[in-house]
Amino acid sequence: VIEIGTPEHSVVTTCAYCGVGCAFKAEMRGAELVRMVPYKDGKANHGHSCVKGRFSYGYAAHKDRILNPMVRENVEDPWREVSWDEALSFAANRLQGLQKTYGKESIGVITSSRCTNEETYLVQKLARAVFHNNNTDTCARVCHSPTGYGLRETLGTSAGTQDFDSIEHADVVLVIGANPTDAHPVFASFLKRRMREGAKMIVVDPRRIDLVKSPYVEATHHLALRPGTNVAVVTAMAHVIVSEGLFDETYIRERCDWDEFQDYVEFVSDPKQSPEAVEALTGVLAEQLRSAARLYACGGNAAIYYGLGVTEHSQGSTAVIGLANLAMLTGNIGKQGVGVNPLRGQNNVQGACDMGSFPHQLPGYRHVKFAEVREPYEKLWGVAISDEPGLRIPNMLDAAVEGSFKGIYIQGEDILQSDPDTKHVAAGLAGMECVIVHDLFLNETANYAHVFLPGSTFLEKDGTFTNAERRISPVRKVMMPRSGYADWEVTQLLANVMGADWNYTHPSQIMAEIAATTPSFANVTYELIDKLGSVQWPCTDAAPEGTPVLHVDGIVRGKGRFIRTDYVATDEKSGPRFPLLLTTGRILTQYNVGAQTRRTDNVAWHEEDVLEIHPHDAELRGIKDGDWVKLASRSGETSLRADVTDRVSTGVVYTTFHHPDTHTNVVTTEYSDWATNCPEYKVTAVQVSLSNGP
Ligand code: SF4
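These numbers were taken from a predicted model, which means no experiment stands behind them. (Residues numbered from 1 in each chain as written. Predicted model: local features only at pLDDT ≥ 70, side-chain atom pairs only at ≥ 80, totals over all residues. Heavy atoms only, no water.)

**Let's talk about the packing of aromatic side chains**
And then number 1: According to the stated counting rule, one finds 16 aromatic pairs in the structure shown.
And then number 2: Ring centres of Tyr-17 and Tyr-591 lie 4.9 Å apart, and the angle between their planes is 40°; on these two criteria the pair is classed as tilted. Taken as a pair, Tyr-17 in the loop between β1 (9-14) and β2 (23-29) and Tyr-591 in the loop between β23 (580-585) and β24 (610-613) lie far apart in primary sequence, 574 residues in all. Across this residue pair, the class does not change: Tyr-17 and Tyr-591 are buried.
And then number 3: In this arrangement the basic side chain of Arg-72 is found over the ring face of Trp-79, its NZ or CZ atom lying 4.0 Å from the centre.
And then number 4: If you follow Arg-470 out to its NZ or CZ, it ends over the ring of Trp-537, 5.9 Å from the centre. (Phe/Tyr/Trp six-rings, centres within 6.5 Å; stacked < 30°, edge-to-face > 60°. Helix = DSSP H or I, 4+ residues; strand = E, 2+ residues; numbered from the N terminus. Buried < 20%, exposed > 50% of the residue type's maximum accessible area, 1.4 Å probe, protein only. Lys NZ or Arg CZ within 6 Å of the ring centre and 35° of its normal.)

**Points about the pairing of strand β21 (residues 471-475)**
And then number 1: Here β21 lies mainly inside the structure; 5 of its 5 residues are buried.
And then number 2: Residues of β21 alternate between two faces, with Arg-471, Ser-473 and Val-475 on one and Ile-472 and Pro-474 on the opposite face, all of them buried.
And then number 3: With 4 bridges joining them, strand β20 (residues 463-466) and β21 adopt antiparallel strand pairing. Paired with Thr-464 across the two strands is Pro-474, which belongs to β21.
And then number 4: Relative to strand β22 (residues 535-536), β21 is paired through 2 bridges, and the arrangement is antiparallel. Within β22, the residue paired with Ile-472 across the bridge is Val-535. (Pairing = 2+ DSSP bridges.)

**What about the side chain of Thr-282?**
And then number 1: Along the polypeptide, Thr-282 turns up in helix α10 (residues 275-282).
And then number 2: Residue Thr-282 is classed as buried on the basis of its relative accessible area, which comes to 0%.
And then number 3: Within the local environment of Thr-282, its side chain forms a polar contact with the backbone nitrogen of Val-284, the two atoms lying 3.1 Å apart.
And then number 4: Here Thr-282 is in contact with Ala-224, Leu-225, Arg-226, Thr-229, Ala-232 and Val-233, once residues within four sequence places are set aside. (Polar contact = N/O pair within 3.5 Å; in protein donor to acceptor, adjacent residues only side chain to side chain. Contact = heavy atoms within 4.5 Å.)

**Focus on the sheet that holds strand β8 (residues 172-176)**
And then number 1: Overall, parallel pairing links the 5 strands, which are arranged β12-β9-β8-β13-β14 in an open sheet. Every other strand in the sheet has two partners, leaving β12 (221-223) and β14 (340-342) as the edge strands with one partner each. Across this sheet, the average inter-strand angle for adjacent strands is 15°, counted without regard to direction.
And then number 2: Taken together, the 3 bridges between strand β9 (residues 200-204) and β12 define a ladder with parallel strand orientation. (Axes fitted to C-alpha atoms, helices over the stretch in contact; angles between N-to-C directions.)

**Some remarks on the pairing of strand β18 (residues 434-439)**
And then number 1: Taking burial as the measure, the 6 residues of β18 include 6 buried ones, the bulk of the element.
And then number 2: Burial along β18 is two-sided: Cys-434, Ile-436 and His-438 facing one way and Val-435, Val-437 and Asp-439 facing the other are all buried.
And then number 3: In terms of strand pairing, strand β17 (residues 407-411) meets β18 through 5 bridges, oriented parallel. Paired with Tyr-409 across the bridge in β18 is Ile-436.
And then number 4: The sheet contact formed by β18 and strand β19 (residues 451-454) spans 4 bridges and is parallel. Among the inter-strand pairings, His-438 is bridged to a residue of β19, identified as Leu-453.

**Considering the site of the ligand**
And then number 1: Close to the ligand lie Cys-15, Tyr-17, Cys-18, Gly-21, Cys-22, Phe-24, Cys-50, Lys-52, Gly-53, Pro-185 and Val-186, which account for all nearby residues.
And then number 2: Where the shell around the ligand is concerned, the elements lending two or more residues are α1 (51-54) and α6 (185-196).
And then number 3: Its residues placed into classes, the shell around the ligand shows 8 nonpolar, 2 polar and 1 charged. (Near = heavy atom within 4 Å. Nonpolar A, V, L, I, M, F, W, Y, C, P; charged D, E, K, R; others polar.)

**What about the pattern of salt bridges?**
And then number 1: Summed over all chains, the structure comprises 40 salt bridges.
And then number 2: Residues Arg-193 and Glu-168 are paired through a salt bridge, measuring 2.8 Å at the closest nitrogen-oxygen approach. With Arg-193 in helix α6 and Glu-168 in the loop between α4 (145-155) and β8, the pair connects residues that are 25 residues apart, well separated along the chain.
And then number 3: Asp-646 is paired through a salt bridge with Arg-208; the nearest N and O atoms lie 3.2 Å apart. Of the two residues, Asp-646 is situated in the loop between β26 (637-644) and β27 (652-656) and Arg-208 in the loop between β9 and β10 (213-214); the sequence distance between them amounts to 438 residues.
And then number 4: The class of Arg-208 is partly exposed, set by a relative accessible area of 36%.
And then number 5: Connected through salt bridges with shared partners, the residues Glu-244, Glu-276, Glu-287, Arg-290 and Arg-294 form a single ionic network. (Salt bridge = Lys/Arg side-chain N within 4 Å of Asp/Glu carboxyl O.)

**Here's the deal with the confidence of the model for the protein chain**
And then number 1: Scored by pLDDT, the protein chain comes out at a mean of 94, with 99% of its residues at no less than 70.
And then number 2: Listed scores for the predicted complex are pTM 0.94 and ipTM 0.99. (pLDDT = per-residue confidence, 0-100.)

**A short note on the environment of Val-231**
And then number 1: Structurally, Val-231 can be placed in helix α7 (residues 230-243).
And then number 2: Using a relative accessible area of 4% as the deciding quantity, one classes Val-231 as buried.
And then number 3: It is 27 Å that separates the C-alpha atoms of Val-231 and Leu-631, two residues lying 400 residues apart in sequence.
And then number 4: Sequence-distant contacts of Val-231, defined by excluding residues within four places in its chain, comprise Gln-315, Thr-318, Ala-319, Thr-565, Asp-566 and Tyr-567.

**With respect to the sheet that holds β22**
And then number 1: Pairing is antiparallel across the open sheet formed by 3 strands, whose spatial order is β20-β21-β22. Among the strands making up the open sheet, the edge pair consists of β20 and β22.
And then number 2: Against the sheet, helix α3 (residues 117-131) makes contact with β20 and β21, and its axis sits at roughly 95° relative to β20, the strand it touches most.

**Quick word on unusual backbone geometry**
And then number 1: Going from Trp-537 to Pro-538, the amide bond is cis rather than trans, its omega being 0°.
And then number 2: Mapped onto the elements of the fold, Pro-538 is located in the loop between β22 and β23.
And then number 3: Notably, His-132 is not glycine yet its phi reads approximately 60°, a positive angle.
And then number 4: Here His-132 is to be found in the loop between α3 and β7 (136-138).
And then number 5: Note on His-132: relative accessible area 35%, which makes it partly exposed.
And then number 6: Its identity as a non-glycine residue notwithstanding, Tyr-365 has a phi of 60°, on the positive side.
And then number 7: Counting through the fold element by element, Tyr-365 comes out in the loop between β15 (361-362) and β16 (366-367).

**Thoughts on the nonpolar core**
And then number 1: Among the nonpolar cores identified, the biggest contains 55 residues, and Leu-126 and Leu-453 are the most heavily contacted of them.
And then number 2: Setting aside chain neighbours within four positions, we find Leu-453 in contact with Trp-84, Ala-87, Leu-88, Tyr-409, Ile-436, Val-437, His-438, Asp-439 and Val-490.
And then number 3: In this structure, Phe-261, Ala-297, Ala-319 and Met-328 belong to the second largest nonpolar core, which totals 50 residues. (Core = buried A, V, L, I, M, F, W, Y, C linked by side-chain atoms within 4.5 Å.)

Here you go:
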């Protein structure tokens, strides 16, 4: 029970954790925020929330917040608190010096899906208009970049097709590589409600997640595939649908490229793609897979929801394409209750991608190589924009290790803890001469920083987030920035010290620039968002108040494209030295690397990272429940306690990555998605052995 007295006023804002984007009333007593209450008129959450969101305000007031800028000559030196002017001049001088010595491509930026649309827009603008390169990337690189690629190639939009409410019309739901109960709890409650109303659920996951069987709901199918075999499973489903004539020919003839469909039919009809042929590879019984495919094709409105268990693989983009193929094959696109829907991990993954944070795309997913795409920005910003794509995060780190990449501005992202292959990230950061960390806390990455710029929480600024259903929701200032500046102001200050002349006085002006230059954000204004509470892009002449469901009158790219999805095994293979496959995920009470959630009052429910291991594999190693074990891969090793459970299959182990003490990513590898470099977090060959603890 939390005694709070009577709140005096409240501000409606948006949760800054996951991609559900719940609306909250932040209730205030004077200048103090006393509680967060889920907002009943919130269009994404309808008055629901999870424990993370309710307690999210705790970290804003936490004693660990760094409120003054700091600098140091070398990373071995102690930090020195300085004024904002001195910190920004220090940063600007270093960055400009590096460009003079090593060339203009020697520095770059990383922005965060935690920040607002307006902030991420300004960070990519900093790279393009002030650094004069395209070295801009976002943490979406390491989660949903394959979504951007796969959905754009097949359907023409790098975004989920439905609004959350559409689930009310689904008869069959295919959840693959996602654990909504823990990672998207409010949407999970909508899913379960729909299951109780009779919708059938197919879960594709190496682990027996809560949706497979919980007190009130039970999936009809659980395809407990071997990690790394999504593409084989999805293609085998397509094989069944095509070979048994369960596809929607009318839809395909009307809405898709028929010639490409013919090629796809030839590919997918090959007996090598059949459930029987891939049974040994995937670990999924052929009859079970056939039954799931028939249900998906014939069970009425069928909706796909997927998460990082699809994207964070060497074939992440191929798997996304495979899911779009399934939806087009069965006509499950362009109406309520269907679609292909990425469950975005962070609050503003969709927005950060929309805002041109990628090194090859300007806002709205338009390639920098096209003069007509660059031209409006060049006119507006008064600069020439390079037509050469810049470096992705892994390429920046590789170049830093090799010695050609020397400086970085990282806003709201702890790459040392969250990116894979920690040793390599550390080597990259150590190779740089100017690392600027702009964050709330002295995170792990800050160990390698020369400049620390204090960040502002979502409660301390105005702006917008775009959730997994393309819903642009308001972020409204509840309190003044404790460090003195909102993040967008800090980026503007840095740009101006480096010679720019930006003079935004409010994020609504940044949104006006975005709307004027980005087709998918055309007509989006703060007035419209305030009037409607939130708005789903695009706002067109035909749908001035937004578009809940895409591809209704036809697929956005013109004709939907069927693309072959050849299965290619990852190079990360189990063997005698590392016989088990590790996959990773989240728990309900923690959020990503825990920088925020560990500093809130939901700490009472915090759990440590543990390693789930099947009883058979545990017994082989003499491991009992609760024992300390060493988890080792060819990249590194860590210690954690064992959770002996049959939630995982034999040969598979599972853990989370929330605690810096565990540092799970010391074991993950350098492998990544072929199209986007999204790291392969979900498959690591490991050995597990008894240990004495850390
Ligand atoms: Fe909603 Fe996600 Fe925030 Fe929970 S973490 S309150 S589900 S937005």
